[in-house]
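Working through the structure, step by step
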Amino acid sequence: MPSISSTENLLADLSDRQREAVTHTDGPLLIVAGPGSGKTRVMAHRVAYLVGDKGVPPWKILAVTFTNKAARELRERCERLVGVGSNKLQVRTFHGFCSRVLRADGEKVALKPEFTIYDADDQARVARRILDDLDVDPKQFPPRSLLSVISDAKNNMRSPAQLSRRTETYRDEITARVYEAYEGALQRANAVDFDDLLLKTFQLLEGHPEMLEKYQERFEHLLVDEFQDTNALQFQVARLLAMKSRNICVVGDPDQSIYSWRHADPTNLTDFQSTFKNAKIVTLDQSYRSTQIILEAADSVISNNDGRMKKTLWTENSRGTRITVAEAYNEAEEASLVLKAATDLKSKDGIGRNEVAIMYRVNAQSRAFEVACNREGIPYRLVGGIKFYDRKEVKDILSFLRVVSNPADDAALERIINVPARGISARSVAELRRVAIANNVPALDVILDITRVNSGDEDPPTYYAELNTRAINSVTAFGDMITRFIEQSLALDTNELIDLIVERSGYGAMLREDKERGEERMENLQELKASAEQFAGSEERGQLTEFLENVALVSDVDGLQGGDSSDVDEEAITLITLHQAKGLEYDAVFLVGLEEGMLPHSRSVDDPTQLQEERRLLYVGMTRARKRLYMFRAFQRSFRGQSGSQMASRFLLEIPDSLVTTRDIRGHDRVADRMPDPMWTKRMASTPGPRPTSKLNDGYTAGEKVRHKAFGEGVVVSSSGVGSDTQVTVAFSGQGIKRLMLSFAPLEKVVEEESKQQFDPDEETFEIQDPELFAP
DNA sequence: GGCTTAGATATTTTT
DNA sequence: TATCTAAGCC
């Protein structure tokens, strides 16, 4: 039986500042916590202190985080420290918490307990239907941009009515009408989107004093993590919950605010101080994570942001190694250089793959690294790639489940009404929808009405849909099927229900006919079943809803394992976006794609505000590293098919030379490459032809054009080794990339300066050829 | 009514 | 490059 740690032990291994933060338990507290300053540790200790020392019952403590990952980590840390009763702690994401509240008391804001949570896909589907109904051209008004305006409105707590009252342009007009129809559609479907989870919780608490009191009583202590990432609604919910007890502790770092595009509002940090007067402020600026050099470099970058709450991190850690800044020719070379350096870390610094992460701005960048890892046989862990629950077949079956769980869920219904094809055309669906909207009922009501009448019920139809006989029969069959699913769901565990649906809906048969991908898809459905099994056994009514909620809210499955080995335990390199990397740390971090247009992202370069966020993104990345930090850029990068030369990221210029080593990873000094004299970079970007670069082995230079007897003309990517051991990697047009032993494969230099711009490696033929191919 | 194909189009980050 | 949509064909 785990015991509650004694206060003495609990506090002993904390710094003075940390202890201050942990023990200030009466009244509002703002913790400004720099990267690696032990933020999570403080939160966990605080919870343990509240329970162990202050005798606060665990269930009276609510800790909200921003991501599931953070929630999981905090929960685990708390459980370890708190011991008994720790399972009663409420550690949730904001959305998770709100969903919980609405399941219990959502009726007050017109939600039935089995409401569905609509993801971006569902939202887009709803929006597209509305545009269709309103006869608006979706090309002129892309659903996604309309939805983003709607999301803005919701975050500012504006109703459709409020929006339509102040329309100035035609665009405003359309937006307001779509918003109104959208709200109607969700209402009819007993569904909420992500914004609604927060908005409706806010409305529930604000408009129902007894509810507010209930939740204020329930939670005596509130902790909010990543406060700089909270949006206006989240702040309001937190404010309402804590208004009475005033026991609210928020933790954040304005320098790590990287979610403004999702309405995160870092001014919440300052607003906190005005909302909760006399809030105590504790700043944690000692880093227990990174070396001095890494901290200095990160600081030299972030200092360029203005209007910050200034804080400079310090550490008792060693000075550490200088940061390596390196340049690759293109993304393929970038990947191999990174992997080479990462592999070397093992022998040189004893840093294994598990402690190495490669971080990039956009997911698409992971590809080059996956290809390279596969080629080199290096196992990797891709964080947040294609999500399991996003696969078509999984979404289809989930849609069946959603209809069973919440028969009003029109988005789910429309997804599967004709999957597999069962003779209900888009026309018929549109007609069903028209009738449903006209009567303000879910589409399934109309379907079941048709089913009833067509099955010989004497009573006249309630709704009148114009469908031909064929369609009526198809719809009837579908209605019968869904009715059976709903009936049987009462007696079945969710995993059993999945089996039933797969077989009886014809979905399984459809997959078995699909020779190409059917098997793989069926396996995915098996996996879905397995994940449903975890929810089996609990009360019949709740388990399906609970499962679906989990899918909607906690969809971050563990990273897919790639590489040669199927051994999941094997040490693997982590591939991760900068956004997802927040909160994580690694011994060695490789930041890649440090180019204008990538980081900062091209969408951000014109806007100073967004540019500062890009800088924070880089800051987050740099401060993930404990011991070693590498920053890479590629001279040329292909982006959606096209390649072009890149300028070095302006952020690289912000790091002082004294913190950087220019040691080339291949063992050649390339002093000139320690970037970016901007003039030089600019010239490089605008000049076709080879850029100035140092000589590689035996005079072969990256970017140089060469000719091979068998493969024809190509471009040198890189070369390694010396003398007769020299290997030259060449990209041949139409032949892919080959690695050639110079002593076997004579290369001729082509004297022509134009070649590099056309360089476009064919990914299909990317692997290294057999040794015999090296011969001429 | 259903399927194939071509063509267009959009591409940041995620609860 | 990859996905999604619309139009054309069976």
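Just above sits the structure.
Below, the structure is looked at part by part. A quick note: this is a predicted structure, and the numbers were derived from the prediction, not measured.

Looking at the overall build of chain A
- Check the secondary structure of chain A and you find 28 helices and 24 strands.
- Looking at chain A as a whole, 55% of its 776 residues qualify as buried.
- Taking contacts inside chain A between residues at least 6 apart in sequence as the whole, the part at least 24 apart equals 75%.
- Of the roughly 34100 Å² of accessible surface on chain A, 48% is carried by carbon and sulfur atoms.

A closer look at the pattern of salt bridges
- Enumeration over the complete set of coordinates arrives at 51 salt bridges.
- Its salt-bridge partner being E220, residue K60 comes within 3.3 Å of it at the nearest N-O pair. One end of the pair, K60, is in the loop between α3 (39–52) and β2 (61–65); the other, E220, is in the loop between α11 (209–218) and β6 (221–224), and 160 residues separate them in sequence.
- Where E73 meets R77, a salt bridge forms, and the shortest distance between an N and an O atom there is 3.6 Å. Taken together, the positions of E73 and R77, both in helix α4 (residues 68–82) and 4 residues apart, correspond to about one turn of that helix.
- Using a relative accessible area of 29% as the deciding quantity, one classes E73 as partly exposed.
- One salt-bridge network, held together by shared partners, links R289, E355, E585, D587, R626 and K627.

Things to note about the sheet that holds strand β3 (residues 90–93)
- Taking strand neighbours across the sheet as the criterion, the 6 strands line up as β3-β2-β6-β7-β1-β8 in an open arrangement whose pairing is parallel. Only two strands of the sheet have a single neighbouring strand rather than two, namely β3 and β8 (280–284). Each strand axis lies, on average, 15 degrees off the axis of its neighbour in the sheet, ignoring direction.
- Pairing analysis gives 4 bridges linking β2 to β3, with the strands arranged parallel. Considered in β3, the bridge of A63 is made with V91.
- Across the sheet, helix α2 (residues 16–23) touches β1 (29–33) and β8, and the angle it forms with β8 is around 145 degrees.
- Across the face of the sheet, helix α12 (residues 232–242) comes into contact with β2, β6 and β7 (248–252) while running at roughly 160 degrees to β6.

Thoughts on the protein's contact with DNA strand B
- Among the 24 residues in the neighbourhood of DNA strand B, the closest are listed as W261, R361, G423, Q580 and R640.
- The share of sugar and phosphate among atoms of DNA strand B within 4 Å of the protein is 56%.
- Contact distances for DNA strand B include 3.0 Å between a sugar or linking oxygen and a side-chain N or O atom of R262.
- G423 is positioned with one of its backbone polar atoms (N or O) 2.7 Å from a phosphate oxygen of DNA strand B.

Let's talk about the environment of F194
- One can find F194 in helix α10 (residues 194–207).
- Sequence spacing of F194 and D119 is 75 residues, and the spatial spacing of their C-alpha atoms is 7.3 Å.

A short note on the packing of helix α15 (residues 331–349) against helix α16 (residues 366–376)
- Where α15 meets α16, the closest approach of the two axes is 9 Å, and the angle between their N-to-C directions is 55 degrees. Accordingly, the angle class assigned to the pair α15 and α16 is oblique. Of the two elements, α15 crosses α16, and the hand of that crossing is right-handed. Facing α15, whose interface residues are E331, E334, A335, S336, V338 and L339, α16 presents A368, F369, A372, C373, R375 and E376.
- Tallied by class, residues from the contact of α15 with α16 come to 7 nonpolar, 1 polar and 4 charged.

Regarding the environment of M481
- Within the secondary structure, M481 sits in helix α21 (residues 469–489).
- Separated by 23 residues in sequence, M481 and R504 place their C-alpha atoms 8.0 Å apart.
- Discounting residues that sit within four places of it in the chain, M481 has contacts with F400, R422, R504 and S505.

Observations concerning the nonpolar core
- Core analysis: the biggest nonpolar cluster contains 48 residues, and I397, L398, L401, F478, L528 and F547 have the highest contact counts within it.
- A total of 7 residues in this core trace back to one element, the largest contributor, which is helix α17 (residues 392–405).
- Those residues in contact with F547 that lie beyond four places of it in its chain are L398, L401, T494, L528, S531, A532 and F535.

Observations concerning the packing of α10 against α11
- Where α10 meets α11, the axes come as close as 5 Å, and the angle between the chain directions of the two elements is 105 degrees. Classed by the angle they form, the pair α10 and α11 counts as roughly perpendicular. Residues L204, L205 and G207 of α10 lie in contact with α11, whose contacting residues are P209, M211, L212 and Y215.
- Each residue belonging to the contact of α10 with α11 can be placed in one class, and the counts come to 6 nonpolar, 1 polar and no charged.

With respect to helix α13 (residues 268–275)
- Within α13 the residues assigned to the buried category are N268, L269 and F272. The arc that holds every buried residue of α13, seen down its axis, measures 105 degrees, which confines them to one face.
- For α13, the elements touching its buried residues are β1, α12 and β7.

Regarding helix α24 (residues 518–533)
- Over its 16 residues, α24 runs 23 Å from end to end, which matches the ideal 22 Å to within 8%, given 1.5 Å per residue.
- Here α24 has its buried residues at G518, R521, M522, N524, L525, L528, K529, S531 and A532.

Notes on the pairing of β6
- Of the two faces of β6, the one lined by H221 and L223 and the one lined by L222 and V224 are each fully buried.
- With 4 bridges joining them, β2 and β6 adopt parallel strand pairing. In the strand pairing of β6, A63 is matched with L223.
- Note that β6 and β7 share 3 bridges and pair parallel. Within the sheet, the bridge partner assigned to L223 lies in β7 and is C249.

Some points on unusual backbone geometry
- In this structure, P420 follows V419 across a cis peptide bond, with omega equal to -10 degrees.
- Here P420 lies in the loop between α18 (410–416) and α19 (426–439).
- Here L599 and P600 are connected by a cis peptide whose omega angle stands at 5 degrees.
- Here P600 lies in the loop between β16 (586–591) and α27 (608–622).
- A positive phi angle, close to 65 degrees, is found at N278, a residue other than glycine.
- For N278, the location among the structural elements is in the loop between α13 and β8.

A closer look at the packing of aromatic side chains
- For the coordinates displayed, the defined rule picks out 12 aromatic pairs.
- When the centroid spacing of 5.9 Å and the interplanar angle of 70 degrees are considered together, the rings of F141 and Y170 count as edge-to-face. Residue F141 is found in the loop between α6 (120–134) and α7 (143–155), and its partner Y170 is found in helix α9 (residues 170–188); the two are separated by 29 residues along the sequence.
- A relative accessible area of 3% places F141 in the buried class.
- Aromatic pair F227 and F235: ring centres 5.8 Å apart, planes at 70 degrees, arrangement edge-to-face. For the pair shown, F227 and F235 are each scored as buried.
- The structure contains a cluster of three or more aromatic residues connected by ring pairs, namely F227, F235, F272 and F276.
- One residue, R103, lies across the ring of F115, its end atom 3.8 Å from the ring centre.

Some thoughts on the side chain of T661
- Secondary-structure assignment places T661 in strand β19 (residues 660–661).
- Note on T661: relative accessible area 19%, which makes it buried.
- Those residues in contact with T661 that sit more than four places away from it in its chain are R322, I323, T324 and V325.

Basis of the calculations
- Residues numbered from 1 in each chain as written.
- Chains lettered and ligands numbered in written order.
- Predicted model: local features only at pLDDT ≥ 70, side-chain atom pairs only at ≥ 80, totals over all residues.
- Heavy atoms only, no water.
- Helix = DSSP H or I, 4+ residues; strand = E, 2+ residues; numbered from the N terminus.
- Buried < 20%, exposed > 50% of the residue type's maximum accessible area, 1.4 Å probe, protein only.
- Contact = heavy atoms within 4.5 Å.
- Areas by Shrake-Rupley, 256 points an atom, 1.4 Å probe, with all protein chains shown as cover.
- Salt bridge = Lys/Arg side-chain N within 4 Å of Asp/Glu carboxyl O.
- Pairing = 2+ DSSP bridges.
- Axes fitted to C-alpha atoms, helices over the stretch in contact; angles between N-to-C directions.
- Near = heavy atom within 4 Å.
- Polar contact = N/O pair within 3.5 Å; in protein donor to acceptor, adjacent residues only side chain to side chain.
- Parallel < 35°, antiparallel > 145°, perpendicular 65-115°, else oblique.
- Left-handed = near helix turned anticlockwise from the far one by under 90°.
- Nonpolar A, V, L, I, M, F, W, Y, C, P; charged D, E, K, R; others polar.
- Core = buried A, V, L, I, M, F, W, Y, C linked by side-chain atoms within 4.5 Å.
- Arc of directions from axis to C-beta.
- Expected span 1.5 Å × (residues − 1).
- Phe/Tyr/Trp six-rings, centres within 6.5 Å; stacked < 30°, edge-to-face > 60°.
- Lys NZ or Arg CZ within 6 Å of the ring centre and 35° of its normal.

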